[in-house]
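Okay, here's what each chain looks like letter by letter:
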Amino acid sequence: MPRALTWQQPSPPHSCVVIARTLSPLSAPPLVATLVLAVAAHWWLWGFTGLDVATYLLPWFRHILEAGPIGAFAAPFGNYSPLYLYMLAATTSLADWFHPVDLIKALSVAGSLALTGAVWHLLRTLGDGRTPHPLERAAALVLILPTTLLNTALLGQCDAMWSAACIMALAAAVARRHAAMLAWCGVAFAFKLQAAFFAPFVLALLIRRRVPLRLWPIAAVTWIASLIPAWLAGWPALDLLTIYFRQTEYDPSMPLNAPNLWMIVAALPLFAGVPLTGLAFATAIGATATYVARLTVAPFGPRRVMEAAALSPMLVAGLLPRMHERYFFLADIITLAIALAWPDRRSIGIAALVQFGSALGLLAYLSGISGLAMLGAVPMIAATVALARPLWRQPANDNPLVTRAVG
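All values derive from a computational prediction rather than experimental measurement.

Chemist: Go over the pattern of salt bridges, please, and point to the residues and values.
Modeler: Under the criterion given, the structure shown has eight salt bridges. Between Glu307 and Arg304 there is a salt bridge, with its nearest N and O atoms 3.1 Å apart. Highlighted residues: Glu307 and Arg304, both in helix α14 (residues 302–319), separated by three residues, approximately one helical turn. A relative accessible area of 1% places Glu307 in the buried class. The exposure class assigned to Arg304 is partly exposed, which follows from its relative accessible area of 26%. One network of salt bridges, with partners in common, ties together Asp52, Asp159, Lys192, Glu325 and Arg326.

Chemist: Give me the lowdown on the environment of Pro82, citing residues and values where you can.
Modeler: Topologically, Pro82 is positioned in helix α3 (residues 82–91). A relative accessible area of 0% means that Pro82 is categorised as buried. Placed 149 residues apart in sequence, Pro82 and Trp231 show a C-alpha to C-alpha distance of 9.7 Å.

Chemist: Which residues make up the environment of Asp159, and what are the values?
Modeler: Turning to its location among the elements, Asp159 is positioned in helix α6 (residues 159–174). Between the alpha carbons of Asp159 and Ser112 there is a distance of 8.7 Å; along the sequence they are 47 residues apart. When neighbours within four sequence positions are excluded, Asp159 is seen to be in contact with Asn151, Lys192, Arg326 and Phe329. At a separation of 3.0 Å, a polar atom in the side chain of Asp159 contacts the side chain of Trp162.

Chemist: Tell me about the packing of aromatic side chains, residues and numbers included.
Modeler: All chains considered together, the criterion is met by 12 aromatic pairs. Seen from their ring centres, Phe189 and Trp223 are 5.4 Å apart, and the 80° between their planes marks the pair as edge-to-face. Separated by 34 residues along the polypeptide, Phe189 in helix α7 (residues 178–191) and Trp223 in helix α9 (residues 218–233) bring together distant segments of the chain. A residue is classified by how much of its surface remains accessible, and Trp223, at 14% relative accessible area, is buried. Among the aromatic side chains, those forming a connected cluster through ring pairs are Tyr56, Trp60, Tyr80 and Tyr84. When the ring centre of Trp46 is taken as origin, the NZ or CZ atom of Lys105, which lies over that ring, is 5.8 Å away.

Cut-offs used in this document
- Residues numbered from 1 in each chain as written.
- Predicted model: local features only at pLDDT ≥ 70, side-chain atom pairs only at ≥ 80, totals over all residues.
- Heavy atoms only, no water.
- Salt bridge = Lys/Arg side-chain N within 4 Å of Asp/Glu carboxyl O.
- Helix = DSSP H or I, 4+ residues; strand = E, 2+ residues; numbered from the N terminus.
- Buried < 20%, exposed > 50% of the residue type's maximum accessible area, 1.4 Å probe, protein only.
- Contact = heavy atoms within 4.5 Å.
- Polar contact = N/O pair within 3.5 Å; in protein donor to acceptor, adjacent residues only side chain to side chain.
- Phe/Tyr/Trp six-rings, centres within 6.5 Å; stacked < 30°, edge-to-face > 60°.
- Lys NZ or Arg CZ within 6 Å of the ring centre and 35° of its normal.

Right, dumping it as structure tokens:
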């Protein structure tokens, strides 16, 4: 049966909003069955290998194996930030016992486990943060999401790692631990540039809650700290600081199987041969600026915080050009967490739409059928609109003192 949620104003020493949950233990998914299904799905997908593994990850692994886990960083290699490469280097110690592809995928699955733990922590933070609850074991559903399985067990990507750090940042935001939030954002950015999709939400929160400016550099300092080991090993500092700038040069194509607006627009005969990159950038910048401005005045209770966090990557990945099929992954996870915390028709419907659209984008990449990404753009756009609508509504009570109290 559905659970009743009661919001209580937290006492001054305890900054996290408390949710009184009455969910029956029978309502939570069976943990053992979920884990068995996850193991079976990973085993079935393990024999497949994505193109990125053969083109990028496997050559990097062999370079580390030949040069040594420290010597490999004496010169630039790969187009990933070093934090992932440090972890890849650690797996080479097992190369005598396991195939490199298996080790690469195992590292990716370790990221999925970390992501599952982060979602568990987020769900617990949305509660009282201390008392275990049967719902929290529903975090194991992360392991059987189609996009998680395709991303890790099949493609061997590390999106679960930066997403896990973003989820930890979101949990810290809910608990109003802003220094921790910024540190986790720095960790996420140290894994992948795509963590920047979460930045509009963080910026809006910092402005709205008037977080002291002295804390703002924490994210940048954390990211720079992740570069120091590679720099000490010999990797030039300038090259390390500009890795993400060079990533944007790899493929100038407008749509890259991302299930977003431009996948549809680029396929229309009316826009054949029309350069759309400038329009896409302008649209994304305008929408993101509007999003940040609106969140600084909109009602901002716990559910709105979660929905705003989900909307941030959906807006950025949905409106920027040159987006890949995996770039909605963070939205997949946050919308799942929302559906678990508030299991009403709206939240479950949004989570299903996002997962369906994101999965179709991945299948478009795997099959080479771009029409699947165009099809996936329809539910993704619908989910984005559904998430955005409540955040754009005028507050029923626009008293700034009341608005600040719930923010």
